[in-house]
Amino acid sequence: MPYDDLRGYLEALDKHGQLLRIGEPADPEPDLAAAANAAARMGAEAPALCFENVTGYSAGRVALNVHGSWANHALALELPPSTPVREQVAEFSRRWESFPVAPERRADPPFLQNTLEGEDVDLYRVLPLFRLNAHDGGFYVDKAAVVTQDPEDPEHFGKQNVGIYRLQCKGRRHFGIQPGSVHDIARHLRSAEERGEDLPVAIALGNEPVISLVAAAPMAYEESEYELAGALRGAPAPIARAPLTGIDVPWGCEVLLEGVVESRVREIEGPFGEFTGHYSGGRRMPVIRVDRISYRTDPLFEHLYLGLPWTEIDYLMGPATCVPLLQQLRAEFPEVVAVNAMYTHGLVAIVSTRSRLGGFARAVGLRVATTPHGLGYCKVVIVVDENVDPFDLPQVMWALSTKFNPTDDLLQLPGMSILPLDPSSDPTGISGKVVLDATTPVAPDRRGRHTTPVRDLPETGAWLERLRALTQEVR
Amino acid sequence: MTGPDTGPDTGPGPGPEGEPAVICPRCRSEHVETVTVAPRGGVWEVRQCTRCWYAWRTTEPAARTTPELFPEEFRLTGQSIESAPELPAVPPLLERPDGAAARAREERS
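All values derive from a computational prediction rather than experimental measurement.

1. Re the overall build of chain B
Part 1 of the argument: Helix and strand counts for chain B come out as three helices and three strands.
Part 2 of the argument: From first element to last, N terminus to C terminus, chain B shows the α and β order β-β-β-α-α-α.
Part 3 of the argument: When the 109 residues of chain B are sorted by exposure, 28% land in the buried category.

2. Brief notes about helix 11 (residues 393-403) of chain A
Residue and element names in this part refer to chain A.
Part 1 of the argument: Along helix 11, the positions that sit buried rather than exposed are V396, A399 and K403. Burial along helix 11 is one-sided: seen end-on, the buried residues are contained in an arc of 65°. Residues of helix 11 that are exposed and point more than 90 degrees away from the buried face comprise L393, P394, M397 and S401.
Part 2 of the argument: Those residues of helix 11 hidden inside the fold are in contact with strand 22 (348-353), strand 23 (380-385) and strand 25 (430-438).

3. Here we look at the interface of chain A and chain B
Part 1 of the argument: Taken together, the 42 residues of chain A in the interface contact 35 residues of chain B.
Part 2 of the argument: Counting residues per element, the ones that place at least two in the side of chain A that touches chain B are helix 2 (28-40), strand 9 (167-169), strand 10 (174-177), helix 6 (184-194), strand 15 (267-269), strand 18 (283-285) and strand 19 (287-295) of chain A.
Part 3 of the argument: With four residues, helix 6 of chain A is the single largest residue contributor to the side of chain A that touches chain B.
Part 4 of the argument: Split by residue class, the side of chain A that touches chain B holds 14 nonpolar, 13 polar and 15 charged.

4. Regarding the domain arrangement of chain A
How big an interface is tends to be reported as the loss of accessible area on association of its parts.
Residues and elements named next belong to chain A.
Part 1 of the argument: Structurally, chain A comprises domain 1 (86-296) and domain 2 (333-438).
Part 2 of the argument: Between domain 1 and domain 2, the C-alpha centre-to-centre distance is 30 Å.
Part 3 of the argument: Across the contact, ten residues belong to domain 1 and twelve residues belong to domain 2.
Part 4 of the argument: Across the side of domain 1 that touches domain 2, the residue classes tally to four nonpolar, four polar and two charged.

5. Digging into the sheet that holds strand 2 (residues 45-49) of chain B
Residue and element names in this part refer to chain B.
Part 1 of the argument: Taken in spatial order, the three strands of this open sheet run 1-2-3, and their pairing is antiparallel. Both edges of this open sheet fall to strand 1 (32-37) and strand 3 (55-57), since each of them pairs with a single strand only. Strand-to-strand twist of the sheet, defined as the mean angle between neighbouring strand axes without regard to direction, takes the value 25°.
Part 2 of the argument: Summarising the sheet, strand 2 and strand 3 pair through three bridges and their orientation is antiparallel. When the bridges of strand 3 are listed, R47 appears paired with W56.

6. Structural notes on the sheet that holds strand 2 (residues 48-51) of chain A
Residue and element names in this part refer to chain A.
Part 1 of the argument: In spatial order, the strands read 1-2-3-20; together these four strands make up an open sheet with mixed pairing. Two strands lie at the open edges of the sheet, namely strand 1 (19-22) and strand 20 (300-303), each paired on one side alone. Taken over all neighbouring pairs, the strand axes of this sheet differ in orientation by 20° on average, direction set aside.
Part 2 of the argument: Both strand 3 (residues 61-64) and strand 20 contribute to a ladder of four bridges, which runs parallel. Pairing of V62 across the sheet is with F301, part of strand 20.

7. Comments concerning the UniProt feature "domain: 3-octaprenyl-4-hydroxybenzoate carboxy-lyase-like N-terminal" (unreviewed entry) in chain A
Part 1 of the argument: Within the UniProt annotation, "domain: 3-octaprenyl-4-hydroxybenzoate carboxy-lyase-like N-terminal" (unreviewed entry) is assigned to residues 10-90 of chain A.
Part 2 of the argument: Secondary structure content for residues 10-90 of chain A is 40% helix and 15% strand, while the C-alpha to C-alpha distance between its ends is 24 Å.

8. Here we look at the pairing of strand 2 of chain B
All names here are of chain B.
Part 1 of the argument: Direction of pairing for strand 1 relative to strand 2: antiparallel, over a ladder of five bridges. Residue V32 lies in a different strand from strand 2, and its bridge partner there is C49.
Part 2 of the argument: Turn length for the strand 2-strand 3 hairpin, with the two strands adjacent in sequence and antiparallel, is five residues, and the turn residue W53 shows positive phi of about 70°.

9. Some points on helix 4 (residues 85-96) of chain A
Residues and elements named next belong to chain A.
Part 1 of the argument: With twelve residues, helix 4 should reach 16 Å at 1.5 Å per residue; the first-to-last C-alpha distance of 16 Å fits that figure.
Part 2 of the argument: Taken together, the buried positions of helix 4 are occupied by Q88, V89 and F92. One face of helix 4 carries all of its buried residues, which in axial projection span an arc of 95°.

10. Observations concerning the packing of helix 4 of chain A against helix 9 (residues 312-332) of chain A
Angle between the axes and distance between the axes are the two parameters that describe a pair of packed helices.
Residue and element names in this part refer to chain A.
Part 1 of the argument: For the pair helix 4 and helix 9, interaxial distance at closest approach is 9 Å and the crossing angle is 50°. Between helix 4 and helix 9, the interaxial angle falls into the category oblique. Considering the relative orientation of helix 4 and helix 9, their crossing is right-handed. Within the contact between the two elements, helix 4 uses Q88, V89, F92, S93 and W96 and helix 9 uses P319, C322, V323, L326 and Q327.

11. What to know about the nonpolar core
Residues and elements named next belong to chain A.
Part 1 of the argument: Among the nonpolar cores identified, the biggest contains 156 residues, and A204, V214, V249, V255, V351 and V381 are the most heavily contacted of them.
Part 2 of the argument: The element contributing the most residues to this core is helix 9, with ten residues.
Part 3 of the argument: Formed jointly, this core draws a minimum of three residues from each of two domains, domain 1 (86-296) and domain 2 (333-438).
Part 4 of the argument: When neighbours within four sequence positions are excluded, V255 is seen to be in contact with F111, V126, L127, L205, G206, I293, Y295 and P299.

12. Digging into the confidence of the model for chain B
Part 1 of the argument: Within chain B, residue pLDDT values average 82, and 70% of them lie at 70 or more.
Part 2 of the argument: For this predicted complex, the interface score ipTM comes out at 0.91, alongside a pTM of 0.91.

13. Re the pairing of strand 10 of chain A
Residues and elements named next belong to chain A.
Part 1 of the argument: Where burial is concerned, the two faces of strand 10 agree: the one with H174 and G176 and the one with F175 and I177 are both buried.
Part 2 of the argument: Two elements, strand 9 and strand 10, share three bridges in a ladder whose sense is antiparallel. Each residue of the ladder has a partner; that of Q168, found in strand 10, is G176.
Part 3 of the argument: Between strand 9 and strand 10, which follow one another and run antiparallel, lie four residues, and G171 among them has a positive phi close to 80°.
Part 4 of the argument: The sheet contact formed by strand 10 and strand 19 spans three bridges and is antiparallel. By the bridge assignment for strand 19, F175 is matched with I288.

14. Examining the environment of D426 of chain A
Part 1 of the argument: With respect to the helices and strands, the residue D426 of chain A is situated in the loop between strand 24 (410-417) and strand 25.
Part 2 of the argument: In this structure, the C-alpha to C-alpha distance between D426 of chain A and G415 of chain A, residues eleven residues apart in sequence, is 9.2 Å.

15. So, unusual backbone geometry
Part 1 of the argument: At the junction of P309 of chain A and W310 of chain A, the peptide bond is cis and its omega measures out at 0° in the coordinates.
Part 2 of the argument: Looking at where W310 of chain A falls in the secondary structure, it is placed in the loop between strand 20 and helix 9.
Part 3 of the argument: For the bond from L87 of chain B to P88 of chain B, the omega torsion is -15°, close enough to zero to count as cis.
Part 4 of the argument: Its identity is not glycine, yet N65 of chain A carries a phi of approximately 55°, on the positive side.

So, how was this worked out
Residues numbered from 1 in each chain as written. Chains lettered and ligands numbered in written order. Predicted model: local features only at pLDDT ≥ 70, side-chain atom pairs only at ≥ 80, totals over all residues. Helix = DSSP H or I, 4+ residues; strand = E, 2+ residues; numbered from the N terminus. Buried ≥ 20, exposed ≤ 12 C-beta atoms within 10 Å, placed from the backbone. Arc of directions from axis to C-beta. Contact = placed C-beta atoms within 7 Å. Nonpolar A, V, L, I, M, F, W, Y, C, P; charged D, E, K, R; others polar. Domains from an automatic or database assignment. Pairing = 2+ DSSP bridges. Axes fitted to C-alpha atoms, helices over the stretch in contact; angles between N-to-C directions. UniProt positions renumbered as here; feature names shortened; annotations may be inferred. Expected span 1.5 Å × (residues − 1). Parallel < 35°, antiparallel > 145°, perpendicular 65-115°, else oblique. Left-handed = near helix turned anticlockwise from the far one by under 90°. Core = buried A, V, L, I, M, F, W, Y, C linked by C-beta atoms within 7 Å. pLDDT = per-residue confidence, 0-100.

See below:
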């Protein structure tokens, strides 16, 4: 049964031993971020954390590392927590095939229980805000579903965008927002600002777990994140109309902020320790004015620690980045078998493919760099044969070691676009890219001596099962 | 929202009762507001600079709250704030036959 809200998901995590409730007093800084930082170092089975007693706050509960392990990612998709990564990505991809699934409009969203409007709006009264990394410019919200509509076509459900963007709290009712140029919200904002108009925005915090996954997925512009959420949940995503802006928002969210991105305003923002493992900031960015806060009684503040990878964001974005790339590549090249773009949101991508003809693999590699996500990512693309598992890095290294000849198999692409957060880009937002063709050449490309590979013995599979069974007996 | 004050970087002036005024640990502006006080016990305050928007809680480590100890590489000045690049850049207003763009420009000037 899919989760309706964050609370339902936390109950499931609790049931599987994947949630630690911490009732002892914890300081907002540095305890909360340091604990989430530490959880990220616990590896694939790390738990979510729920702090219930934060110094100075009377009621604030803070949930951290909610998606921060493969076990938790599996449970978000209602899979057994021990499901291997490759199978989680494959299941994600299989469910994507049923996209789009229309959402379900539900009445009486719980976030209508409490309201602050106009001059009464005070983010600090509702959210126990705190600093994540030591040199962040302030207190951030970095795991909210930010929803905007296309000002030229506001009734188009698919053009409505649900994304996660970093939000720097500026006083009681303002945020700085980073709408990356390659993201859909930047398109909405540009359109509004060209008209000299504010852009209405709804910000939903504390959502059922699939909403966060789809908000992190680089979907095509006209594709609806809610319709993808329905496909991944195996049931329609529950949504409700936001009371002030009329924007469609997740029905079960803990807190809903509504307002506008103020037209043609830019203010200094940052820095903020980002998923690249580096701080970014020192730029003037747009500003959101919050006009209404709606919230559940005793709301949970869901927050995400990010920093030197891997942290929660890498689990959140990993499969959600692999699968749309796979779908987009397969639309033109059905030979593509799998995509692993889990490293820093796909700055490095590994693709396995069958080769239709000589030179095919590098065509696939170039296509990776020209997908919508490739506009800002896919700086290093490694293409391997169909029998190399891109999620098994020793296999990928074997392919690079033996199939790749730098004389002919390295394609360098100068002056490509990249997300400005990439600290190696120079000037900011511009980078070279490379395609490394580590596939076996096929006719008419007849280079190298690859005709006599060693293969696993035919009896290996049976022996593998036998050895596993014997190992279990010994243990 | 009011824009940042990008005036000269001044040192702390006298506070209301002769106490040194609170200044921003990052850009040393005097334009600092207390945005909230701990709802339980008043054990901390959150302060924010309205020039560079740096925010800090009074209970944080000294390197985050004290100008002299604030890391050099993260400090800002009025000039660095003013000259920071826009991201994304503000686009040109669309010119329309009804003069809507010109009106919007006037309203915002």
